[in-house]
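# Examining the three-dimensional arrangement
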Amino acid sequence: MTIRFDDRVAIVTGAGGGLGREHALALARRGARVVVNDLGGARDGSGGSASAAEAVVAEVVAAGGEAMANAASVTDAAAVQAMVEAAMTKWGRVDILVNNAGVLRDKTFARMELEDFRFVVDVHLMGAVNCTKAVWDHMRAANYGRIVMTTSSSGLYGNFGQSNYGAAKMALVGLMQTLSIEGAKNDIRVNCLAPTAHTRMTEDLGAQLPLELLGPEMVTPGLLYLASDEAPTRCILAAGAGGFERAYVTLTQGAWIAGEDAPEQVAARFAEISDRTGEIVPEMGAAQGMIELTKAQNAHA
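What you see is a predicted model; the values in this text were computed from it and never measured. (Residues numbered from 1 in each chain as written. Predicted model: local features only at pLDDT ≥ 70, side-chain atom pairs only at ≥ 80, totals over all residues. Heavy atoms only, no water.)

With that out of the way, let us pick up the pattern of salt bridges. For the coordinates displayed, the defined rule picks out 13 salt bridges. Linking arginine 276 and glutamate 279 is a salt bridge whose minimum nitrogen-to-oxygen distance equals 2.9 Å. Classification of arginine 276 as exposed rests on a relative accessible area of 55%. (Salt bridge = Lys/Arg side-chain N within 4 Å of Asp/Glu carboxyl O. Buried < 20%, exposed > 50% of the residue type's maximum accessible area, 1.4 Å probe, protein only.)

Here is the structure:
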């Protein structure tokens, strides 16, 4: 199987550098026409310039591909809608959306201003919501869509000093879980990519990481699969340094507990509740309730 994107149109946000640039160039090399979106601001989201997006478009065109630059902030829903409409006007379709734009404002929670928390959530979560909302009806009408959210191990597992970033990144997993269900009947497949790469976003980690192994190009093969015709849906794919793993949100078999001493039983049986033997990946949120009701019914049978 050769993954190609001929006749496909892709939007990649945050594509002026790092992972987004690599994603955009790789999609274009394999035949996609690409909207290269980048606000062109600093890592903390300040400032802005179209030059970063324009430079990547120049690379695509020099290699024989088609691309257009866009410098809209993903937090500006109207500007995002205009970006999508410009792609529809020029190419008549939008098949792929890669929600990659992001910022960092790291501090411990004790020292973090609420505005810095709000802003990071706004860019990562609401930015992805704005972009996804803008393409959703087009994808439904076409009965085809591939959407990739950029999550992070900081959201999946936590990371010191990144409560805002981690909360936003885990929220994208929740968004993916529901949209993959709602988009299924129109072949809109929604997935998450959790990258480990040396980019402007991770430059402060410097000496802690073997940077020569962590090029963005080592992550992009996973993105290409998640954006392809053969893509899965509702997948959290981790990628970095050539390693690929899959993360899951699971549910243990647990235990049925009731009675006046239920709190004490929860404490006493917590190891049993936590036992991962036979854990499952629920198909949807309602599965938790059904499992719990089954336990109750069995207990009273």
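So that's the structure; there's more coming.
Unlike most non-glycine residues, aspartate 7 shows phi in positive territory, near 70°. Position of aspartate 7 relative to the elements: it lies in the segment before strand 1 (9-12). You can call aspartate 7 exposed: its relative accessible area is 56%. At aspartate 187, a position not held by glycine, the phi torsion is positive, near 55°. (Helix = DSSP H or I, 4+ residues; strand = E, 2+ residues; numbered from the N terminus.)

Okay, the packing of helix 4 (residues 114-142) against helix 6 (residues 163-182) next. The geometry of a pair of packed helices is captured by two quantities: the angle between their axes and the separation between those axes. Two elements in contact, helix 4 and helix 6, have axes separated by 8 Å at closest approach and are oriented at 20°. The angle between helix 4 and helix 6 places the two elements in the roughly parallel class. Considering only the axes of helix 4 and helix 6, their crossing is right-handed. In contact with Asp116, Phe117, Val120, Val121, His124, Leu125, Ala128, Val129, Thr132 and Trp136 of helix 4, helix 6 contributes Ser163, Asn164, Tyr165, Ala167, Ala168, Lys169, Ala171, Leu172, Leu175, Leu179 and Glu182. Considered class by class, the residues forming the contact of helix 4 with helix 6 number 14 nonpolar, four polar and three charged. (Axes fitted to C-alpha atoms, helices over the stretch in contact; angles between N-to-C directions. Parallel < 35°, antiparallel > 145°, perpendicular 65-115°, else oblique. Left-handed = near helix turned anticlockwise from the far one by under 90°. Contact = heavy atoms within 4.5 Å. Nonpolar A, V, L, I, M, F, W, Y, C, P; charged D, E, K, R; others polar.)

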